[in-house]
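Listed here are the chains, written in short residue letters.
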Amino acid sequence: MRNDYDAIIIGGGPAGAATATHLARHGFAALLLDRAEFPRNKPCGEFYSPPVRGLLSSLGAYDAVAAAGISGLPAATLHIAGRHCAGRFDEARHPWAKAGGFSIERRILDAILWKNAVQSGADARSNIALRSLLRNDSGRIVGARTDAGDFHARILIGADGGRSRVAREMGVVRPIARLQKIAIVSHFQCTSEERRPENSSPAIEMHVGVLPNRSGVMVCGVGGARYGARNITLTMPESEARRVAALGAEGYVQEALATLFPSVAESLHGATFLRAQTCGTFGHRTITPIAEGALLVGDAANFIDPFTGEGVYFALRGAELAAETLVKALHSDNVSVRSLSPYAEQRRRELTPKYAVCDLVERAIHSPNFMAWAAPRLERRPHLMDALLSVTGDMSHPARLLLPDFIFGALAP
Ligand SMILES: Cc1cc2nc3c(=O)[nH]c(=O)nc-3n(C[C@H](O)[C@H](O)[C@H](O)COP(=O)(O)OP(=O)(O)OC[C@H]3O[C@@H](n4cnc5c(N)ncnc54)[C@H](O)[C@@H]3O)c2cc1C
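Residues numbered from 1 in each chain as written. Predicted model: local features only at pLDDT ≥ 70, side-chain atom pairs only at ≥ 80, totals over all residues.

Draft legend 1. Focus on the overall build of the protein chain. When its secondary structure is counted, the protein chain shows 12 helices and 20 strands. For a compact globule of 413 residues, the expected C-alpha radius of gyration is about 22 Å, and the protein chain comes in at 21 Å, within 12% of that figure. Counting only C-alpha atoms, the protein chain reaches 60 × 45 × 40 Å along its principal axes. Within the protein chain, the proportion of its 413 residues that are buried is 49%. (Helix = DSSP H or I, 4+ residues; strand = E, 2+ residues; numbered from the N terminus. Rg over C-alpha atoms; globule rule 2.2 N^0.38 Å. Buried ≥ 20, exposed ≤ 12 C-beta atoms within 10 Å, placed from the backbone.)

If you want it as structure tokens, here you go:
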């Protein structure tokens, strides 16, 4: 069995599979490893903004994803502070805006991306976990020790998700205290009368509720209406972990819906609970996504709060940016930090402003006083929500929110 490659990619989620696909298509020997076997479940709200369609298309995977059955979500609604704020994705000026956001189960999406990497020429192997990184005498990363043996490569890519072992061994992880949260992702199946026809789901819904004693907020995302299936994603502070343990995931979800989100509970009346996955705590950033002989993509490089839901966008776009740098670095046989720095720089330039907006939005929804002021304005002026969605949905630069129409619209009484 071959054990020496141009690149080893640890983790076959969207970031890893996309990076392997790009590298294999450039003719590099890419080994893609995952400790799981695909299809596998991944806790996720399963909502993707319109540009994700474009990223899938440039990977050559969009047709397979569309054929697997996606449900279109042209709009988003935010239910907060007793208000109902609605915006549309197709108001943005972006080539994919009219196609709208969409939903597909991660189990299906990730399996398609994994298969796409294989078809592109990557050597993809499941059920193999990274144990530790291999370094040479000067400390440069030169491969991976796994439970199937040692593999060597010119570059190692950490795409192993929010608890990345690669990032931890690189010594670059910094937890974000504010984002130390837990989540429960549950799936329900509506009865046949309540099934929405495919492609007619009205909106991705985000409901924000305040926990008893104002101990924090809980966000409830409602989406994924394919064949009547609903994805209900609850995100809450780590302090709720005890109650989740006491009630069990299903019991906790039912209680939270009944007490904090009665309109969601009502919409699920008669629906069958299918399964729930609990995950957390999450929330970290890295001080740099590169090291001598290694690079991080996707959640391994930076975890984004699920409220703005763009983790898959960042994973796929990050893979594109990584591939641009990696192709040059591998051709020149130089995988030093200096040679990989264009990736770090491009990430900083392109993704940092967006992370900043997501951060602001996340802080805003945790401030009941601010939302009591902002929510009525967003409700009355849908064009403000459209502008917000175009930015959080990666169709406009964050500077869009500094334009006079947005600022004066937001400040007007
Ligand atoms: C509650 C929640 C809701 C979310 N909702 C949304 C949403 O609606 N829309 C959206 O776009 N994003 C959402 N996200 C974010 C999104 O899920 C992530 O950003 C995305 O999965 C990142 O992809 P990735 O490839 O970096 O990591 P992952 O998808 O996590 O893939 C990492 C892979 O690495 C493998 N792995 C891990 N460790 C090892 C190891 N030691 N050895 C070998 N393999 C390993 C894992 O098995 C896994 O397959 C949500 C996240 C959470 C937590």
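Draft legend 2. Representation of the sheet that holds strand E7 (residues 101–103) in the model. Ordered in space as E3-E7-E4, the 3 strands form an open sheet in which the pairing is antiparallel. Lying at the two open borders of the sheet, with one neighbouring strand each, are strand E3 (47–48) and strand E4 (71–73). Across 3 bridges, E4 lies against E7 in antiparallel orientation. Looking at the pairing, Gly72 lines up with Phe102 of E7. (Pairing = 2+ DSSP bridges.)

Draft legend 3. The sheet that holds strand E6 (residues 83–88), seen in detail. Taken in spatial order, the 7 strands of this open sheet run E6-E5-E14-E15-E16-E13-E17, and their pairing is mixed. Across the chains shown, the open sheet's two edge strands, defined by having one partner strand only, are E6 and strand E17 (272–282). Strand-to-strand twist across the sheet, computed as the mean angle between neighbouring axes with direction ignored, equals 15°. Bridge analysis of strand E14 (residues 203–210) against strand E15 (residues 217–223) gives 6 bridges, and the strand direction is antiparallel. Across the sheet, residue Glu205 finds its bridge partner in E15, namely Val222. The strands touched by helix H6 (residues 241–260) are strand E13 (181–189), E14, E15, strand E16 (229–237) and E17; relative to E13, the strand with the most contacts, the crossing angle is about 60°. On the sheet, helix H10 (residues 368–380) packs against strand E5 (75–80), E6 and E14 and is oriented at approximately 55° with respect to E6. (Axes fitted to C-alpha atoms, helices over the stretch in contact; angles between N-to-C directions. Contact = placed C-beta atoms within 7 Å.)

Draft legend 4. Representation of the environment of Arg163 within the structure. Tracing the backbone shows Arg163 in the loop between strand E11 (149–158) and helix H5 (165–170). Along the primary structure Arg163 and Arg317 are separated by 154 residues, whereas in three dimensions their C-alpha atoms are 20 Å apart.

Draft legend 5. A look at the packing of helix H11 (residues 382–392) against helix H12 (residues 404–411). At a minimum axis separation of 10 Å, H11 and H12 run at an interaxial angle of 130°. Classed by the angle they form, the pair H11 and H12 counts as oblique. Like other packed secondary-structure pairs, H11 and H12 cross with a definite hand, here left-handed. Touching His383, Leu384 and Ala387 of H11 are Phe406, Gly409 and Ala410, all from H12. Taken together, the residues of the contact of H11 with H12 break down into 4 nonpolar, 2 polar and no charged. (Parallel < 35°, antiparallel > 145°, perpendicular 65-115°, else oblique. Left-handed = near helix turned anticlockwise from the far one by under 90°. Nonpolar A, V, L, I, M, F, W, Y, C, P; charged D, E, K, R; others polar.)

Draft legend 6. Up close: the site of the ligand. Neighbouring residues of the ligand: 40 residues in total, closest Gly11, Gly13, Gly45, Gly298 and Gly311. Only helix H1 (14–25), E3, E13, E16, E17 and helix H8 (311–331) provide two or more residues apiece to the shell around the ligand. The element that contributes the greatest number of residues to the shell around the ligand is H8, accounting for 4 residues. Tallied by class, the residues present in the shell around the ligand amount to 21 nonpolar, 11 polar and 8 charged. (Near = placed C-beta within 6 Å.)

Draft legend 7. Up close: the nonpolar core. Membership of the largest hydrophobic core comes to 129 residues, with the highest contact counts inside it found for Ala7, Ile8, Ala30, Ile155, Ile157 and Val297. At 12 residues, the largest contribution of residues to this core is made by H8. Lining this core are residues from two domains, each supplying at least three of them: domain 1 (4–50 + 103–175 + 284–360) and domain 2 (181–282). Look past the residues within four positions of Ile155 in its chain and what remains in contact with it is Ala7, Gly293, Ala294, Leu295, Leu326, Ala329, Leu330 and Val335. (Core = buried A, V, L, I, M, F, W, Y, C linked by C-beta atoms within 7 Å. Domains from an automatic or database assignment.)

Read these as geometric descriptors, not functional statements.
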